[in-house]
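Now for the letters of each chain:
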Amino acid sequence: MLSEELKQKLRTMIADAESPREKAVDVMLEIQERHLWMSDEAMEEASDLLGMSPLELDELATFYDFIYRSPVGNYVIHVCDSAMCWLEGHQRVMDYISIRANVPIGGTSPDGLFTLLPVCCIGYCDRAPAMVINRRVYGKLTPEKIDRILDKLAGENEFHPPE
Amino acid sequence: MPRLVIDDLEIEVPKGTKVIDAAERLGIMIPRFCYHEALGAVGACRMCAVKFIQGPFKGIQMSCMIDAQDGMIVSTTDQEAVDFRKRVIEWLMINHPHDCPVCDEGGQCLLQDETVSSGHARRRYPGKKRTYRNQYLGPFIAHEMNRCIHCYRCSRYYQEFSGYRDLGPLQIGNRLYFGRFKEGRLESPYSGNLVDICPTGVYTDIPARYKVRRWDLQRSPSVCIHCALGCNTIGNAHYRAVMRVEARMNPYVNGYFLCDEGRFGFSYTNGGADHAQRPWTSKIGGADVTVEAALAESSSKLSEIAAVYGPEAIVALGSARNSLETQSMLSRLCRRKGWLGPVWFTDTAVYRKVRSAVERLDSGIAVSMREIEFADFVIIAGADLLNEAPMAAIAVRQASRKNAQIVVIDPRPISLPFEFRHVPAVPGQIERCLGSLVKGSISKEELKGLDSAAKGFCKALPAKFGDKESGISIPELADQLMASRRPVIVCGTGIVSESTPALAADCAQLLRESGKKAGLFYILPGASSFSSALLSGPDAKGFAEILSEIEQGSIKALIAAESDPFRDFPDRERLDKALSQLDLLVAIDYLPTETVKRASVFLPSSTVFEMNSTFVNPEGRVQHAERVHAGGVPIWGAHPPRIVRNFIPGGDHQPAWEILWKISAETSVLESVLTLGELIAAEMPAFEATGKAQYPVNQARIIPEKSEGSFVKPKTRPEQGQKPKGFNLLLTDRIFASREPSVYADTLEGVFPEPALFMHSEDAAAAGLSDGDTVSVGLEPGSIEVKLSVSERMARGVLILPRQKGIEWQRMKDFSAWIALERIRKI
Amino acid sequence: MAQPLVLFKNRHPNRAATLDEYKQSGGYEALQKFVGGKVDPGEVIRLVDESGLRGRGGAGFPAGKKWEAVPKDAPFPRYLVANADEMEPGTFKDRILLHTDPHCIIEGMILAAYAFSATKGFFFVRPSYDSSAVIMERELEVARGAGFLGKNILGSGYSFDIVVHRSGGRYICGEATALLNAIMGKRPNPIKPPPYPTEKGLWDRPTVVNNVETLACVPHILRNGPQWFKDLAITPKGAGTKLFCVSGKVNSPGAEELPMGTPLREIIEKHFGGMIPGSEFKACLPGGASTRFLTRDHYDVPMDFEDLKAIGNRLGTAAIMIFDQKTCMVATAHNLMRFFARESCGWCTPCREGLPYMRELLWLIENGEGKEEYIDTLRSMCKQVWNSYCALAPGAAEPVISLLDFFEDEVREHIRLKGCPFHAKAGN
Ligand SMILES: Cc1cc2nc3c(=O)[nH]c(=O)nc-3n(C[C@H](O)[C@H](O)[C@H](O)COP(=O)(O)O)c2cc1C
Ligand code: SF4
Ligand code: FES
């Protein structure tokens, strides 16, 4: 399922490392960049490139928060629920996004655009409540700001359908 | 050696002993889950907490993580420590399903024991229990993750100890899960150890599951007879059936573990699931008779034949699955009665290799499996450990984990659970490769220091081995061998040339004389091949000669004691004809073999679980297996019959030695022989030294004194003579599928590998064949059809054919065959 | 706004300082002098040791001592890891430092590496700091271009390079030994020393793990001398400045560089705009989620390693999370415990099972289903999780211990009322 071009890129990445396994997370993040999540086939192909067994790679994939082992939307919204964001109303943010983007908490919207998940402190406590969407962080969330972000992402997506 | 005080008791222990083990030596069993002697300490479960009162550590500490040191005062009963351990149990139990009544681990569960002993009886945790989904792990191991206490023993055993990579920890925090990437059969042929190593009931033994509670089992120490290694087991029987086999710790042999063939291949003793696969009753001419009738018939027929044709018209066959008792009796009878034999092997070449191996072992050089673990360089010559002696592969893995270099010289597509350098030499080249490797490791100074015999031997070793094919540099490996301190040579006796075992011994001896602590370990072909070699003289007849004599009519009777030439002999047609010429064929066995089916008289013998018996493993270790149960047709599958009878159905079997003695009608045999121990000692001088009066003997090693100056001049040239054209077809063994008791064990059916013929990928390409093709291999008179499996990791010019069910290799006519390319066709 | 002192002197709104800006402020002078001048690495260690620089990652271990622990005859390669995992709730100083002056970190890494002859550096960064990782990768290339990094640095014959290692995201990855496993592509479970990473770390080679802020102090110490660094602190035992990140109920949350030992009151009132209108200071966590609450009684405590230790607390990461009188402390403790329970690596029993147990009890108390006996259970478990494998679980117990020490009444009130007196809506 991985394109030959992507595989070549991954091989180059791996070749740079002290030992192939070192690049396991990078390889998975790179695959997710194109395919959104790590399907079983992707795991098998990636582990092959890394010289690991699929189980060994899965030991890592299932450990980490930002590696997805089940299908996710084009945008994975991680809303921080740790102390400061919690204090500043992370629940309201979750609820608002859930209704606004028609995405169940912990699930994916029917149009496949958004997945909504809680996440541990993302290090933007000074800008609580905060969230991270596909490696970008948004802080000091208000309903208006959330509207703008979601609209923009939905708009972007029309021009860049994911692979 | 540090001295410390634990619970007011003082003890001195070797440096490096963990406090938990020091306590155990005092008889104080500190609770533990993650700690296991074979796996080492990782400090995960925190169950072994004790209080350190004085010394370099203070307060609550994990006793598995701390080495005993001088001046330590440790309390295991300190209130704080006890409270903490209680709490650990409480934590571990918050998610446990408390399903002991339906759990097969019940009664042998470390978690159960430690929960009860901690006094934890009430679950106070108010939350919900976490639950998991289980996975299908194959026909041997059931998975019940809810019982897991996350001690990591399974994944540490599976990945670190045994070297497989398809079971491990997934997820994080309290969602931690031990399983596979996807459901499916565990790849490791050592998976059964998960059952033993798991301290609770996550992994349970499927063949035994839901059948019996631990405390209802009859259990005895036993020995595995599937391959030659003699791993120690515990047999568990119930209602006349062996239910399961567990590993029994023997630090010198198998450690704590077993392979799956040995663990799960027991069902032959029950006659399979329907019990119908075992010949339970005596027979004359195929009709059921009483055991007395069969005994009387055989003994009268034997005396008749002896009277008419002379005793040498009777021949006795034994095998490498006979107990030492049976072998000694056979040997005694042949001598006393003048019968021919005993013949132990149908393949005379194998017999000669085993004999030369056993002759060449001496106590200074023969290592145990345990000692292999401490080797820093292992040369495996002509042996496929995983398939021929599975637990030996695990021993070599332990050496590999300690960074030993492993070199395998073998034509087969060897796969082993560790990294190794593979020189895919054809059988005729193994000696050259081994010789040049060893020669290259002897430095000039070392050479100078050798005595003349050793020097001569070393000089005669081939200097060079063409290593272009393997791409492996023998000189480079020789340098590493030179630097090693404790090299071990593991030598096979299957596909190698007849002179190889002796050469391996000489090589080990040379390494030893050049200042290393070198060791030697032979892979032998059966549970008692070592003792058969000790029991036979150099002039013993081979099976082929015996066959000719039958054909010529000079042999009239054959006694097959747990021996089945139909399985082992490569020319079935000839065998068929010959045996039908006999006046008498007496078969004594517990397996439903072809020979049993054709016997004029059949007598059922006892399996290893049904008698006391002795076996000698390849390092000369005498091991005693105790009777587990009386045997008989199991009453499994239905409620025990309510008919009252005064006999046990299927209870006619008796040890083969006893049957032999009875049919020999040789009262005089026991005149001068009082006990079994004396019988064995009389036949086998090496046994005498172990103290014959003390039968049973267990764990003594009987390695004969090495004859002096035994360096043999090595062959310097490749095997002489015209090299036949075509491919050398090699018959080999395969785990689960080849060895005799295993092929009759239906518990292994789920894992029988598909029959295959292995060929080098380039050879195949040249022949226009590809992987997965079904090919027909033309033999005289017929041909065999088999799936082709190609590999780059094997020798060219050979065909590897594992002997297994589903392949009629007995059409080959000879043990080794050369097959012309044209005779391999794709169909 | 406080006066930037050292680390933040090149702070610009919304952008990182360039190499030139950094150089203008004296950047890479220390590198020129020590590496370029081939000064004995032992001298680097000595100066840093003398400066009293203590680790900024939470444990406060003296940096010079750690480098010194690498045996002189240890094998090569040797590794340096900059720990930019920063997943301790409330902590974001490293991110701001990275976005402020990346070259200060790079120079610090090179100097630290030089001190024990490391050959390769890893910059370990969490996924939500992807922008920081991108900046770092860009600036590393700039530094290489300028000859500060890579082969034969400044013609000294010393070679050292740095790669950015992205994490998959888990709190435990910040723990030094777990971090090493993470880099090696193994499951990030901690590994209990001995052997210490300084002897056997990455691939069994000597490895030093330092916090980003710790490393960033190094160039300044070497340029200005250890005494100068010591004098930056207010408290006599302290040394240097400290990046304080303050969040919660203050008017201007963020990170500021202040002298080590600046009193809590001053930090809140002078440097972070004071409490927001309508809020009164009730409590704070002084150094991230794994420290104990400070109450009004501690309002004037100097924020320094030793002074906090004296009152049974820890400076941790100096991430101050401020709670006001409207905040329910039980709900807060529950939220923190939920974090720790979720992030437990699952290696050892006290943490894997004990933290969810405590979380459950706190949740029941918060929801009016609490029982008196839960207080005792919580207390004893807080003590018992100290016997866990690594420092995560003991850290997790800290807020709960102080909840019971300082706010026991509030806890009992929940039990008595069968509900939360604050009606604060706590998520689960
Ligand atoms: C659970 C846990 C999480 C940690 N997370 C971090 C972290 O995110 N960043 C950090 O620098 N140190 C963290 N540490 C501390 C590190 O283990 C280590 O002490 C530190 O990186 C060493 O750097 P320093 O000596 O410069 O402080 C953590 C420790 C623990 C126990
Ligand atoms: S305390 Fe134990 S389970 Fe928790 S993070 Fe540390 S090692 Fe993992
Ligand atoms: S046995 Fe010591 S921690 Fe598990």
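Residues numbered from 1 in each chain as written. Chains lettered and ligands numbered in written order. Predicted model: local features only at pLDDT ≥ 70, side-chain atom pairs only at ≥ 80, totals over all residues. Heavy atoms only, no water.

(A) Quick peek at the site of ligand 2. Lining the immediate surroundings of ligand 2 are 13 residues, of which C345, W347, C348, C351 and C390 of chain C lie closest. By residue class, the composition of the shell around ligand 2 is 10 nonpolar, 3 polar and no charged. (Near = heavy atom within 4 Å. Nonpolar A, V, L, I, M, F, W, Y, C, P; charged D, E, K, R; others polar.)

(B) Layout of the interface of chain C and chain A. If you look at the interface, chain C gives 56 residues, while chain A gives 37 residues. Of the roughly 3700 Å² buried where chain C meets chain A, counting both sides, 56% is carbon and sulfur surface. Our count for the chain C to chain A interface comes out at 7 salt bridges. One salt bridge in this structure joins E18 of chain A and K120 of chain C, with 2.9 Å as the shortest N-O distance. Those elements giving two or more residues to the side of chain C that touches chain A turn out to be α5 (93-100), β2 (120-125), α7 (130-145), β3 (161-166), α8 (176-183), β5 (241-248), β9 (319-324) and α13 (329-343) of chain C. Here the side of chain C that touches chain A takes 8 residues from α13 of chain C, the largest share from any one element. Classifying every residue of the side of chain C that touches chain A gives 25 nonpolar, 17 polar and 14 charged. (Contact = heavy atoms within 4.5 Å. Buried area = accessible area lost by both parts, 1.4 Å probe. Salt bridge = Lys/Arg side-chain N within 4 Å of Asp/Glu carboxyl O. Helix = DSSP H or I, 4+ residues; strand = E, 2+ residues; numbered from the N terminus.)

(C) Representation of the nonpolar core. Residues W67, F123 and L355 of chain C are the most contacted members of the largest nonpolar core, which totals 303 residues. No other element matches helix α6 (residues 102-115) of chain C, which puts 10 residues into this core. With 100 residues, the next largest nonpolar core counts I442, F457, L477 and V697 of chain B among its residues. (Core = buried A, V, L, I, M, F, W, Y, C linked by side-chain atoms within 4.5 Å. Buried < 20%, exposed > 50% of the residue type's maximum accessible area, 1.4 Å probe, protein only.)

(D) Main features of the side chain of H760 of chain B. Residues and elements named next belong to chain B. Within the secondary structure, H760 is located in strand β28 (residues 756-760). A residue is classified by how much of its surface remains accessible, and H760, at 6% relative accessible area, is buried. From its side chain, H760 meets the backbone nitrogen of E762 in a polar contact 3.0 Å long. Those residues in contact with H760 that lie beyond four places of it in its chain are S791, E792, M794, A795 and R796. (Polar contact = N/O pair within 3.5 Å; in protein donor to acceptor, adjacent residues only side chain to side chain.)

(E) Molecular detail of the sheet that holds strand β18 (residues 405-409) of chain B. Residues and elements named next belong to chain B. Taken together, 5 strands build an open sheet; the order of strands is β19-β18-β17-β20-β21 and the sheet is parallel. Looking at which strands have only one partner, the edges of the open sheet turn out to be β19 (421-423) and β21 (519-523). Taken pair by pair, the neighbouring strands of this sheet meet at an average axis angle of 15 degrees, ignoring direction. Sheet topology note: the strand β17 (residues 377-381)/β18 ladder contains 5 bridges and is parallel. Bridge pairing in β18 places A381 opposite I409. Taken strand by strand, helix α12 (residues 390-401) contacts β17, β18 and β21, and its axis lies near 150 degrees from that of β17. (Pairing = 2+ DSSP bridges. Axes fitted to C-alpha atoms, helices over the stretch in contact; angles between N-to-C directions.)

(F) Representation of the pairing of β18 of chain B. Residues and elements named next belong to chain B. Across the 5 residues that make up β18, a large majority, 5, are buried. Residues Q405, V407 and I409 point to one face of β18 and I406 and V408 to the other, with burial holding for every one of them. Of the strand pairs in this sheet, β18 and β19 are connected by 3 bridges, and their pairing is parallel. Bridge assignment links I409 to a residue of β19, and that residue is V423.

(G) Layout of the interface of chain B and chain C. Taken residue by residue, the interface counts 33 residues in chain B and 30 residues in chain C. When the two sides are added together, the surface that chain B and chain C hide from each other amounts to roughly 2500 Å², 56% of it contributed by carbon and sulfur. For the chain B face of the interface with chain C, the top three residues by lost area are R46, W91 and I172 of chain B, together amounting to 25%. Inspection of the chain B/chain C interface yields 1 salt bridge. E353 of chain C serves as the salt-bridge partner of R130 of chain B, at 3.6 Å between the closest nitrogen and oxygen. Between the two partners, chain B and chain C, sit 15 residue pairs in polar contact (both at pLDDT 80 or more). Within the residue set of the side of chain B that touches chain C, elements represented by two or more residues are β4 (59-62), α2 (79-93) and β7 (168-170) of chain B. Here the side of chain B that touches chain C takes 7 residues from α2 of chain B, the largest share from any one element. Taken together, the residues of the side of chain B that touches chain C sort by class into 19 nonpolar, 7 polar and 7 charged.

(H) Main features of the sheet that holds strand β31 (residues 798-802) of chain B. Residue and element names in this part refer to chain B. Taken together, 7 strands build an open sheet; the order of strands is β32-β27-β31-β28-β30-β29-β33 and the sheet is mixed. Two strands lie at the open edges of the sheet, namely β32 (817-819) and β33 (824-826), each paired on one side alone. Neighbouring strand axes in the sheet, compared pairwise and without regard to direction, differ in orientation by 35 degrees on average. The sheet contact formed by strand β27 (residues 727-732) and β31 spans 5 bridges and is parallel.

(I) Representation of unusual backbone geometry. With an omega dihedral of -5 degrees, the bond running from G341 of chain B to P342 of chain B counts as a cis peptide bond. Positionally, P342 of chain B belongs in strand β16 (residues 340-343). Along the chain, P193 of chain C connects to P194 of chain C via a cis peptide bond; the corresponding omega equals -5 degrees. For D7 of chain B, which is not a glycine, the phi torsion comes out positive at approximately 50 degrees. Along the polypeptide, D7 of chain B turns up in the loop between β1 (3-6) and β2 (9-12). One non-glycine residue, Y28 of chain C, lies in the positive phi region at around 65 degrees. Its location among the elements puts Y28 of chain C in the loop between α1 (19-24) and α2 (29-36).

(J) Highlighting the environment of N254 of chain B. Residue and element names in this part refer to chain B. Relative to the helices and strands, N254 is located in the loop between β12 (241-247) and α6 (260-264). Using a relative accessible area of 5% as the deciding quantity, one classes N254 as buried. Taking C-alpha positions, N254 is 32 Å from W809, a pair spaced 555 residues apart along the chain. Apart from residues no more than four positions distant in its own chain, N254 is found in contact with C231, N232, R248, M369 and M391.

(K) Looking closely at the site of ligand 1. All names here are of chain C. The environment of ligand 1 is made up of 18 residues, and the closest members are G57, K66, E86, N211 and T214. Within the contact set of ligand 1, an oxygen atom lies 2.7 Å away from a backbone nitrogen or oxygen of G57. A distance of 3.4 Å separates an oxygen atom of ligand 1 from a polar backbone atom of M87. Across the complex, the protein chains shield 90% of the 600 Å² of accessible surface that ligand 1 would expose by itself. In terms of residue count, strand β4 (residues 207-211) provides more of the shell around ligand 1 than any other element does, 3 residues in total. Looking at the shell around ligand 1, its residues break down into 6 nonpolar, 7 polar and 5 charged. (Areas by Shrake-Rupley, 256 points an atom, 1.4 Å probe, with all protein chains shown as cover.)

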